[in-house]
Amino acid sequence: GGHGVDIDTSIGIAVAPDDGLEAEDLLKNADIALYAVKTGGRGNWRFFAPAMEAQAQARSALEQDLRHALPAGDLDVVYQPTIDLDSNEISGLEALLRWNHPRRGLIMPAEFIPVAEDTGLISEIGEWVLNTACAEAAKWPASVRIAVNLSPVQFKDHGLVDTVKTALAASGLAAGRLELEITETVVLQENEPNRVTLQEMRALGVTIALDDFGIGYSSLSYLRAFPFSKIKIDQSFVRALGENSESAPIVRTIADLGRSLGVPTIAEGVETPAQLRLVRAAGCKEAQGFLFGRPVPAADVPAMIARRKAVTVHAA
Ligand code: C2E
Ligand code: MG
Ligand code: MG
């Protein structure tokens, strides 16, 4: 139909006699090797190794457990503040998922979000996070925003805009207080359907922030293709401030770029006063990091906001 289609190939290999003597065993082990290629980024080949079987089993156990996590009430949302660097007050909080596994204890999103994405469970989980976070934020002062991360996989759901609309309506949260954080994967390549979805979200009045900017492709063309309301500078640059001489110019350049485009920048991962000084000097509008506060349970947020206000008043 005149459209180009990119395909890639992943190959898993099993060899007799070590990996099996029966066709069934060889195929099963080749499949395990193929699975290892796919989880490692696809478009490659691997020979079967016995350790892969244990990994595949662990992964499939995690998958099984994750299916029950939401109904069982084992997922939780914690909230981490972002600070406005002009007023020094809390400008918003970011909702971050946690999984309290009944046997394994706390599991961080870096481990289970990819599994949720591969299995499609992220749609249901993401919707729950959105509803939970909006309902919580509706109890906070009106000047405080809520940021929610959206997975690129959620953009494949046709109902995503409606999900956002419903979360706003059910919570009574003003659309202007909701910030959706997306990564470049959503806008990578000329992706017309995703662009339309983002525009529909903006039309609702919500803010769209570009997360983890500076890693990956960070193409300037998609800053033009879609008008983001905020750019979050990836924490790897902020963390290296002071120790790595290249990071300061990079942070400054992204902040300058944001300023000339009229898009405020926020620095993630600020842990030390020295990093804060450099981030301020670079001209970032907001900052987030352990220096200001770690993610906390919903119940602790109001006290955190009040405490920060007291600090600000005191400082002024
Ligand atoms: P992100 O959206 O870039 O979130 C920031 C991550 O950096 C969080 O990790 C946060 O705890 C951590 N962080 C913030 N300040 C500091 C600091 O000063 N030092 C250090 N070392 N780390 C800091 P977390 O909670 O483990 O989340 C990791 C990633 O998982 C998030 O990165 C986001 O991409 C994803 N994620 C979390 N919750 C959700 C969710 O509800 N939906 C989706 N789709 N993804 C989520
Ligand atoms: Mg984020
Ligand atoms: Mg980030």
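Everything discussed here concerns the structure shown above.
Our subject in this report is the structure included herewith. All values reported here derive from a predicted model rather than from experimental measurement. (Residues numbered from 1 in each chain as written. Chains lettered and ligands numbered in written order. Predicted model: local features only at pLDDT ≥ 70, side-chain atom pairs only at ≥ 80, totals over all residues. Heavy atoms only, no water.)

All right, on to the site of ligand 1 then. Residues in contact with ligand 1 amount to 24 residues; listed here are only the nearest, Arg98, Asp211, Gln235, Glu271 and Phe290. Between a nitrogen atom of ligand 1 and a main-chain N or O atom of leucine 97, the distance comes to 3.1 Å. Aspartate 212 is positioned such that a nitrogen or oxygen atom in its side chain is 3.1 Å from an oxygen atom of ligand 1. Looking at which element gives the most residues to the shell around ligand 1, the answer is strand β4 (residues 90-101), with four residues. In terms of residue class, the shell around ligand 1 is made up of ten nonpolar, six polar and eight charged. (Near = heavy atom within 4 Å. Polar contact = N/O pair within 3.5 Å; in protein donor to acceptor, adjacent residues only side chain to side chain. Helix = DSSP H or I, 4+ residues; strand = E, 2+ residues; numbered from the N terminus. Nonpolar A, V, L, I, M, F, W, Y, C, P; charged D, E, K, R; others polar.)

Residues Tyr79, Ile146, Leu178, Leu180 and Met201 are the most contacted members of the largest nonpolar core, which totals 76 residues. For this core, the element with the highest residue contribution is helix α4 (residues 122-137), accounting for seven residues. Here leucine 180 is in contact with Leu130, Val148, Leu150, Val164, Met201, Val206, Thr207, Ile208 and Ala209, once residues within four sequence places are set aside. In terms of nonpolar packing, the next biggest core, distinct from the first, is built from five residues, Ile32, Ala36, Phe48 and Met52 among them. (Core = buried A, V, L, I, M, F, W, Y, C linked by side-chain atoms within 4.5 Å. Buried < 20%, exposed > 50% of the residue type's maximum accessible area, 1.4 Å probe, protein only. Contact = heavy atoms within 4.5 Å.)

For helix α3 (residues 109-119), the full list of buried residues reads Phe112, Val115 and Ala116. For α3, the arc enclosing every buried residue in end-on projection is 100 degrees, short of the 170-degree limit, so these residues lie on one face. Seen from the open side of α3, the exposed residues pointing more than 90 degrees away from its buried face are Ala110 and Asp118. The secondary structure elements touched by the buried residues of α3 are α2 (50-69), β4, β5 (105-107) and α4. Looking one or two residues past α3, glycine 120 carries a phi angle of roughly 85 degrees, positive in sign. (Arc of directions from axis to C-beta.)

Let's shift gears to the environment of alanine 255. Relative to the helices and strands, alanine 255 is located in helix α9 (residues 247-261). With relative accessibility at 1%, the residue alanine 255 sits in the buried group. Remark: the alpha-carbon pair of alanine 255 and threonine 265, spanning ten residues in sequence, is separated by 5.8 Å. If sequence neighbours within four positions are ignored, alanine 255 has contacts with Thr265, Ala282, Gly283 and Cys284.

Here serine 151 is to be found in the loop between β6 (145-149) and α5 (160-171). On the basis of relative accessibility, which here comes to 7%, the residue serine 151 falls in the buried class. Within polar-contact distance, the side chain of serine 151 engages the side chain of glutamate 117 at 2.7 Å. Contacts of serine 151, omitting those with residues within four sequence positions, involve Glu117 and Ile122.

By definition of the ideal shapes, a tetrahedral metal site with four donors has angles of 109.5 degrees and an octahedral site with six donors has angles of 90 or 180 degrees. Donor atoms from the polypeptide that coordinate the magnesium ion (ligand 2) comprise Glu94 (OE), Asn149 (OD1), Glu181 (OE) and Asp211 (OD), at 2.0 to 2.3 Å from the metal. Within one chain, the residues donating to the magnesium ion (ligand 2) are spaced in sequence as E-x54-N-x31-E-x29-D. Taken as a pair, the magnesium ion (ligand 2) and the magnesium ion (ligand 3) show a spacing of 4.4 Å, with aspartate 211 coordinating each metal. With glutamate 94 in strand β4 and asparagine 149 in strand β6, the pair connects residues that are 55 residues apart, well separated along the chain. Taking the relative accessible area as the measure of exposure, glutamate 94 reaches 5% and is therefore buried. (Donors = N, O, S within 2.8 Å, 3.2 Å for Na, K, Ca; no water.)

So, on to the pattern of salt bridges. In this structure the tally under the stated criterion is 18 salt bridges. Residues lysine 232 and glutamate 94 are paired through a salt bridge, measuring 3.0 Å at the closest nitrogen-oxygen approach. In this pair, lysine 232 is assigned in strand β9 (residues 230-233) and glutamate 94 in strand β4, connecting sequence segments 138 residues apart. The pair lysine 232 / glutamate 94 is uniform in exposure class, with both members buried. For aspartate 256, the salt bridge identified is with arginine 259, shortest N-O distance 2.4 Å. Taken as a pair, aspartate 256 and arginine 259 lie in helix α9 at a separation of three residues, close to a single helical turn. Overall, aspartate 256 belongs to the partly exposed group, its relative accessible area being 36%. Overall, the relative accessible area of 48% leaves arginine 259 in the partly exposed class. Connected through shared salt-bridge partners, Glu94, Glu181, Lys232 and Glu268 make up one network. (Salt bridge = Lys/Arg side-chain N within 4 Å of Asp/Glu carboxyl O.)

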